[in-house]
Amino acid sequence: MECSEKPVYEYKKDREAEKALRELKIKPPREDIRKKILSNWDQAAKPIDGMGRFEALTAQIGAIRGTEQIDIGKKAVLILCADNGIVEEGVSQSGPEVTEAVVRQMAVKQSSVGRMAACIGAETIPVDIGMRCEEKIPGVLDRKIRRGTRNFHHEPALTRTETVRAVWTGIRLAEECGKAGFQILAAGEMGIGNTTTSAAVAAALLGKSAPEMAGRGAGLDDARLQRKICLIEEALERYGLRTDASSGGFDDALKALSAVGGLDLAGLAGVYIGGALYGLPVVLDGVISMTAALAAERIAPGTAAYLLPSHMSREPAAAELSRALGLFPVICADMALGEGTGAVMLLALLDMALRVYQDRVTFLDMRIPQYERFTKR
């Protein structure tokens, strides 16, 4: 997908945008296709469930795409880039200058995710949805909502209108990728301070405390970690974000994203909803990605069925988010890099699993009896 110089997405009138978002309906993936792919796996000349979780993941991709002839040859990695005002409170070792520096490397495919994606032929698409820098960076899609969020220690990070705009921007990005012919998406982010915003949003959506959700991010010492926890706890109280996790829905998700979230989180939530609307499987990255996924599921129930988990982040919130989404990562490598790197790793593994599926030799081909299934999936 080529970088566009057009102005930021032409939104619906603001008074209509939230209503339209609330009314979105997600259709479930094709269950008949999923069952057919699982049956095809059983007929392959291998032990029953021999490819483990990859049998279910590939079946889910087929169900989303609506075909048992699975092809994910054309892949895109959307990286949503934004800055966070809460960084002013010392919750990170660095500031927005690092966001800009890394994104400039992304633009020329030299960041970690760019180098990894090149190994599997995936296109990386960095998107400026809210970086503080004013300059447009060549090679980066310009979808800026505003120049970074506000400092949620003093005021809500975003207005509700800005949050809704960011979600719609993500939805349109997924739509554009579908029209460009991409068959699967991976999603990542870049923005200093976003382990703080994601921990705060996760705490709100899961009904948890800050100490349960907040980790060291890019390497905080004890004093800064405690500062991070205190800021999140204060914000949860100030903005009335302590809710019953079992009853949270559309309004709670938008409230959390607006009060303590980030433009990358809201945009990612939109990408996931857009994937569900336009029949594109989307691979999640780590804890920030999973926080946005839970927000997306609360905004548009059914979205989670279109998401594929990649890795279990070392951040404390990751396990709770995984349980809440019912999505259990297959890579456990103590990673915390971001950028969509864990998602790209899963894409590589899916390529290998699909080679087995697409070129499978069956028991019939080998003229030997097929293994029988005695357990339910």
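Residues numbered from 1 in each chain as written. Predicted model: local features only at pLDDT ≥ 70, side-chain atom pairs only at ≥ 80, totals over all residues. Heavy atoms only, no water.

> Even after reading the chapter, I still don't get helix H13 (residues 317-325), so can you show me in this structure?
Since the α-helix packs 3.6 residues into each turn, any two residues three or four apart lie on the same face. The set of residues buried in H13 consists of Ala317, Ala318, Leu321, Ser322 and Leu325. Looking down the long axis of H13, one finds its buried residues gathered within 135° of arc, a one-sided arrangement. Buried residues belonging to H13 abut helix H7 (194-206), helix H8 (210-213) and helix H12 (287-299). Directly beyond the C-terminal end of H13, a positive phi value near 70° is found at glycine 326. (Buried < 20%, exposed > 50% of the residue type's maximum accessible area, 1.4 Å probe, protein only. Helix = DSSP H or I, 4+ residues; strand = E, 2+ residues; numbered from the N terminus. Arc of directions from axis to C-beta. Contact = heavy atoms within 4.5 Å.)

> Looking at this structure, I do not really get the pairing of strand S2 (residues 123-130). What am I missing?
Here is the key point about a regular strand: its side chains alternate between the two faces of the sheet. Extensive coverage of S2 is indicated by the burial of seven of its eight residues. Sheet topology places strand S1 (residues 75-82) next to S2; seven bridges connect them, and they run parallel. Paired with leucine 80 across the two strands is valine 127, which belongs to S2. Here S2 runs beside strand S3 (residues 141-142); their pairing, made up of two bridges, is parallel. Residue valine 127 lies in a different strand from S3, and its bridge partner there is leucine 141. (Pairing = 2+ DSSP bridges.)

> Got a minute to help me understand the layout of surface pockets in this structure?
Where empty space is left can be seen by rolling a probe of water-molecule size over the atoms. Its boundaries defined by the atoms lining it, the largest pocket holds a volume of some 540 Å³. As for the largest pocket, its lining consists of 32 residues, of which Asn194, Thr195, Ala218, Ala336 and Leu337 are closest to the centre. Of all the elements, H7 adds the most residues to the lining of the largest pocket, at three residues. Of the residues belonging to the lining of the largest pocket, the class tally is 12 nonpolar, 14 polar and six charged. Reported here for the second largest pocket is a volume of approximately 250 Å³. Lining the second largest pocket are 13 residues, and of these Leu57, Leu307, Pro309, Gly326 and Leu327 lie nearest its centre. Element by element, the count of residues in the lining of the second largest pocket is highest for helix H3 (residues 53-65), at four residues. Tallied by class, residues from the lining of the second largest pocket come to 10 nonpolar, two polar and one charged. (1 Å grid on protein atoms, 1.4 Å probe; cavity = no way out; pocket = protein on both sides within 12 Å on 5 of 7 lines; lining within 4 Å. Points joined across faces, edges and corners; volume = space filled by probe spheres on them. Nonpolar A, V, L, I, M, F, W, Y, C, P; charged D, E, K, R; others polar.)

> Before we go on, may I ask you to explain the pattern of salt bridges in this structure?
Charged atoms that come close allow side chains of opposite charge to pair. Within the structure shown, the criterion is met by 27 salt bridges. A salt bridge links arginine 373 to aspartate 42; the shortest N-O distance between them is 3.0 Å. Of this pair, arginine 373 sits in the segment after helix H15 (363-366) while aspartate 42 is found in helix H2 (residues 31-43), placing the two residues 331 residues apart along the sequence. Here arginine 373 falls in the partly exposed class, since its relative accessible area comes to 25%. Where arginine 160 meets aspartate 251, a salt bridge forms, and the shortest distance between an N and an O atom there is 2.8 Å. With arginine 160 in helix H6 (residues 160-179) and aspartate 251 in helix H10 (residues 250-260), the pair connects residues that are 91 residues apart, well separated along the chain. Since its relative accessible area comes to 38%, aspartate 251 is described here as partly exposed. (Salt bridge = Lys/Arg side-chain N within 4 Å of Asp/Glu carboxyl O.)

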